[in-house]
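Observations on the three-dimensional arrangement
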Amino acid sequence: MSAFAPKNYRPETRLVHAGIQRSEFKEISEALFLTQAYIYDSAEECEARFSGKIPGYVYSRYSNPTMSMFEQRMAALEGAEAARSTATGMAAVTAALMGQVKAGDHVVAAKALFGSCRYVIEDWLGRFGVTSTLVDGADLKQWKNAVTKNTKVFFMETPTNPTLEVYDIAAVADIAHDAGAKLTVDNVFATPLYQSPLALGADCVVYSATKHIDGQGRVLGGVILGSEKFIMDHVHQVIRQTGPSLSPFNAWVLLKGLETLSVRVERQTKTAGLVADALAGHDKISRLIYPGRKDHPQADVVATQMKAGSTLVAFEVKGGKEGAFRFLNGLKLVGITNNLGDAKSLITHPTTTTHQRLTPAQRAELGIGDGLVRFSAGLEHPDDLIEDLLTALEKV
Ligand SMILES: Cc1ncc(COP(=O)(O)O)c(C=O)c1O
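Residues numbered from 1 in each chain as written. Predicted model: local features only at pLDDT ≥ 70, side-chain atom pairs only at ≥ 80, totals over all residues. Heavy atoms only, no water.

Description of helix α14 (residues 382–393)
Threshold: Secondary structure elements follow DSSP: runs of H or I of four or more residues count as helices, runs of E of two or more count as strands, with numbering from the N terminus. How far a helix is expected to stretch is found by multiplying one less than its residue total by 1.5 Å. Exposure is judged per residue with a 1.4 Å probe applied to protein chains only, and the accessible area is read against the type maximum: over 50% gives exposed, under 20% gives buried, and values in between give partly exposed. Starting at the helix axis, one direction is taken to each C-beta atom, and the arc is that of these directions. Here a residue-residue contact requires only that any non-hydrogen atoms of the pair lie within 4.5 Å.
Across its 12 residues, α14 extends 17 Å between first and last C-alpha, which sits within 8% of the 16 Å expected from 1.5 Å per residue. Buried residues of α14: Pro382, Leu385, Ile386, Asp388, Leu389, Ala392 and Leu393, and no others. Axial view of α14: buried residues confined to an arc of 160°, hence all on one face. The secondary structure elements touched by the buried residues of α14 are α10 (248–279), β10 (285–289), α12 (320–329), β13 (346–348) and β14 (372–376).

Okay, structure coming up:
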């Protein structure tokens, strides 16, 4: 096996080459190692591999060459020392959080969260004696005021799902560190190409690889990244002993997804910007949020923290749920779904899907109106998409 992970190459090059381990057959494409376990030449070698005295794979719940290639490629892209892959994005979020806390600890998180992340923090961690405070992520004073002597973890996603708010990672990381806590950032909406939380001071980054990293609607996956120490102290044992692991097959699909990530995300961002500009000010839309536009509520943070806008656009269709449903049912090309980051353009109605569990008051507090929809740009021609969206708006 030979490794190839040059640190000085640009992200596009790392996405194609980093982390590759070639077998003696010198295959071009990354090999898929569909194996659960490994054979040893002797009982002594088996003992030494198990104790870690000699390196090598032991069991695919926690190490497999295809998983390693995916983890190393992600680490090279993110500028992280270490990574661990998981079966889904939620497995990554849950393992990263559970690995950092014990009963009696406290978590501070921005309240604008993907529904399942909010469930894990508020309900799931609560079952094990971990308390939490949810704050307005854009208000630095609220992060500071929420700290208690038991605060161990700060958590945010930025841009947020679905309202695309953007929070100041460096400022929140400073508050976390002053409090003796660590910051974990869910970077799904930014992608590793547009925002680098570790470089901004975060301690841990998590992804749902199900979104842009696969990008073609095939497999679920997740990844947790940080320093070698962070991963060994907080993540390694959780994954190894509890087993929320990525399958080698899915790791292989995700590796192939990474090869085309930059081309897809660049094109999808350009399309999302064109869609935002075509819909802004439309008389059937009361509000439009796009991190690439000057009228974004945190445009100054976007400018300093992100390399480009987003592949997503959120907008509020007039007429509440009824108006939004008329619009969605009028679409011919854009698919109604709860997913995002795909080659196919997709649209989501958060109130009835991803954020259904929240009360109407909680949704109102987050700016998730009944008419809000989240558009995820695909790879179609932008003019076809704009035509489809404008035609469907006529039905409202
Ligand atoms: C911001 C964010 N985090 C985490 C997840 C969970 O990812 P997965 O569906 O791969 O478990 C999602 C899924 O939509 C998401 O949007």
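Quick word on the site of the ligand
The condition that has to hold: Summary of the distance rule: residues count as near a molecule or strand when at least one heavy atom falls within 4 Å of that molecule or strand. A 3.5 Å cut-off defines polar contacts: any pair of N or O atoms within that distance qualifies, except that in protein one atom must be a possible hydrogen donor and the other a possible acceptor, and neighbouring residues in sequence count only when both atoms are side-chain atoms. Only the protein chains shown count as cover for residues, and all accessible areas are computed by the Shrake-Rupley method using a 1.4 Å probe. Side-chain classes follow a simple rule in which Ala, Val, Leu, Ile, Met, Phe, Trp, Tyr, Cys and Pro form the nonpolar group, Asp, Glu, Lys and Arg form the charged group, and the remainder, Gly included, forms the polar group.
By nearness alone, every residue bordering the ligand is listed as Thr88, Gly89, Met90, Phe114, Glu157, Asn161, Asp186, Phe189, Ser208, Thr210, Lys211 and Gly221. One of the backbone N or O atoms of Met90 is found 2.9 Å from an oxygen atom in the ligand. One of the side-chain N or O atoms of Asp186 is found 2.6 Å from a nitrogen atom in the ligand. Expressed as a share of its isolated accessible area of 390 Å², the protein-covered part of the ligand is 92%. Class assignment of the residues belonging to the shell around the ligand gives a composition of three nonpolar, six polar and three charged.

A few points about the pattern of salt bridges
The test is simple: We define a salt bridge as a contact between a side-chain nitrogen of Lys or Arg and a carboxyl oxygen of Asp or Glu at a distance within 4 Å.
Enumeration over the complete set of coordinates arrives at 15 salt bridges. Between Arg73 and Glu30 there is a salt bridge; the shortest N-O distance is 2.7 Å. Here Arg73 is found in helix α3 (residues 65–78), whereas its partner Glu30 is found in the loop between β2 (20–22) and α2 (43–51), with 43 residues between them in sequence. Accessibility assignment for this pair places Arg73 and Glu30 in one class, buried. Between Arg293 and Asp295 there is a salt bridge whose closest N-O contact spans 3.0 Å.

Regarding the packing of helix α4 (residues 89–98) against helix α5 (residues 115–124)
Filter applied, for reference: Each axis is a line fitted through C-alpha atoms, and for a helix only the stretch in contact is used; angles between axes span 0 to 180 degrees, taken between their N-to-C directions. Here is the rule for angles: anything less than 35 degrees is roughly parallel, anything more than 145 is roughly antiparallel, 65 through 115 is roughly perpendicular, and the remaining ranges are oblique. For any helix crossing, the convention is left-handed if the near helix is rotated counterclockwise from the far helix by under a right angle, and right-handed if that rotation is clockwise.
Relative to each other, α4 and α5 sit at 30°, their axes nearing to 10 Å. Considered as vectors, α4 and α5 are oriented roughly parallel to each other. The handedness of the crossing between α4 and α5 is right-handed. Facing Met90, Val93, Thr94, Leu97 and Met98 of α4, the residues of α5 in contact are Ser116, Cys117, Val120, Ile121 and Trp124.

A look at the packing of aromatic side chains
Condition: Between rings of Phe, Tyr and Trp, where Trp is taken as its six-membered ring, a pair exists when centres lie within 6.5 Å; planes separated by under 30 degrees are stacked, by over 60 edge-to-face, and by other angles tilted. Any Lys NZ or Arg CZ that is within 6 Å of a ring centre and within 35 degrees of that ring's normal is treated as a charge sitting over the ring.
The full count for this structure, using the stated rule, is six aromatic pairs. Ring geometry for Phe249 and Trp252: centres 6.1 Å apart, planes at 35°, overall tilted. Taken together, the positions of Phe249 and Trp252, both in helix α10 and three residues apart, correspond to about one turn of that helix. With relative accessibility at 38%, the residue Phe249 sits in the partly exposed group. Exposure remark for Trp252: the relative accessible area of 27% places this residue in the partly exposed category. Sitting above the plane of the Tyr62 ring, Arg240 keeps its charged end 4.0 Å from the centroid.

Section: a nonpolar patch on the surface
Rules: Here a patch means residues that are over 30% exposed by relative accessible area and free of salt bridges, tied together within 9 Å if like-charged and within 5 Å if nonpolar (Val, Leu, Ile, Met, Phe, Trp, Tyr).
A surface patch of nonpolar side chains, about 290 Å² in accessible area, is lined by Leu32, Leu34 and Phe249. Relative accessible area serves as the criterion here: at 32%, Leu32 is assigned to the partly exposed category.

Let's talk about the side chain of Thr191
Within the secondary structure, Thr191 is located in helix α8 (residues 191–194). With sequence-adjacent residues up to four places away left out, Thr191 is seen in contact with Tyr207, His212 and Val265.

Some thoughts on the sheet that holds strand β5 (residues 131–135)
Worth spelling out the cut-off: What makes two strands pair is DSSP finding at least two bridges between them.
Taken in spatial order, the seven strands make up an open sheet running β3-β9-β8-β7-β6-β4-β5, and their pairing is mixed. The sheet is open, and its two edges are formed by β3 (82–86) and β5, each paired on a single side. With strand direction ignored, the average angle separating the axes of adjacent strands in the sheet is 20°. Relative to β5, strand β4 (residues 106–110) is paired through five bridges, and the arrangement is parallel. The residue of β5 that forms the bridge with His106 is Thr131. The strands touched by α5 are β4, β5, β6 (151–157) and β7 (182–186); relative to β5, the strand with the most contacts, the crossing angle is about 135°.

A look at the environment of Asn145
Along the chain, Asn145 turns up in helix α6 (residues 140–145). Overall, the relative accessible area of 64% leaves Asn145 in the exposed class. Separated by 117 residues in sequence, Asn145 and Ile28 place their C-alpha atoms 54 Å apart.

A short note on unusual backbone geometry
Cis rather than trans, the peptide bond between Thr158 and Pro159 has omega equal to -10°. Residue position: Pro159 is located in the loop between β6 and α7 (169–178). The omega torsion of the bond from Asn161 to Pro162 falls at 5°, within 30 degrees of zero and hence cis. Mapped onto the secondary structure, Pro162 falls in the loop between β6 and α7. Within the chain, Lys26 stands out as a residue other than glycine whose phi angle is a positive 60°.

Describing the layout of surface pockets
Rules: Only protein atoms enter the 1 Å grid used here, on which a cavity is any set of points holding a 1.4 Å probe that cannot leave and a pocket is any open set flanked by protein within 12 Å on both sides along at least five of seven lines; residues with an atom within 4 Å of a point are listed as lining. Grid points are joined across faces, edges and corners, and a volume is the space filled by probe spheres set on the points.
Approximately 360 Å³ is the volume found for the second largest pocket. In terms of lining, the second largest pocket is formed by 22 residues, of which the most central are Gly89, Met90, Phe114, Ser208 and Lys211. Those elements that place two or more of their residues in the lining of the second largest pocket are α4 and β8 (204–208). For the lining of the second largest pocket, a count of residues per class yields 10 nonpolar, eight polar and four charged.

A word on the sheet that holds strand β12 (residues 335–336)
In space, the five strands of this open sheet follow the order β10-β11-β14-β13-β12, with mixed pairing throughout. Each edge of the open sheet is held by one strand with a lone partner, namely β10 and β12. Two strands pair when backbone bridges link them, and strand β11 (residues 312–317) and β14 are joined in this way by five bridges, in the antiparallel orientation. Paired with Phe315 across the strands is Val373, a residue of β14. The strands touched by α12 within the sheet are β11, β12, β13 and β14, with β11 carrying the most contacts at an inclination of about 125°.

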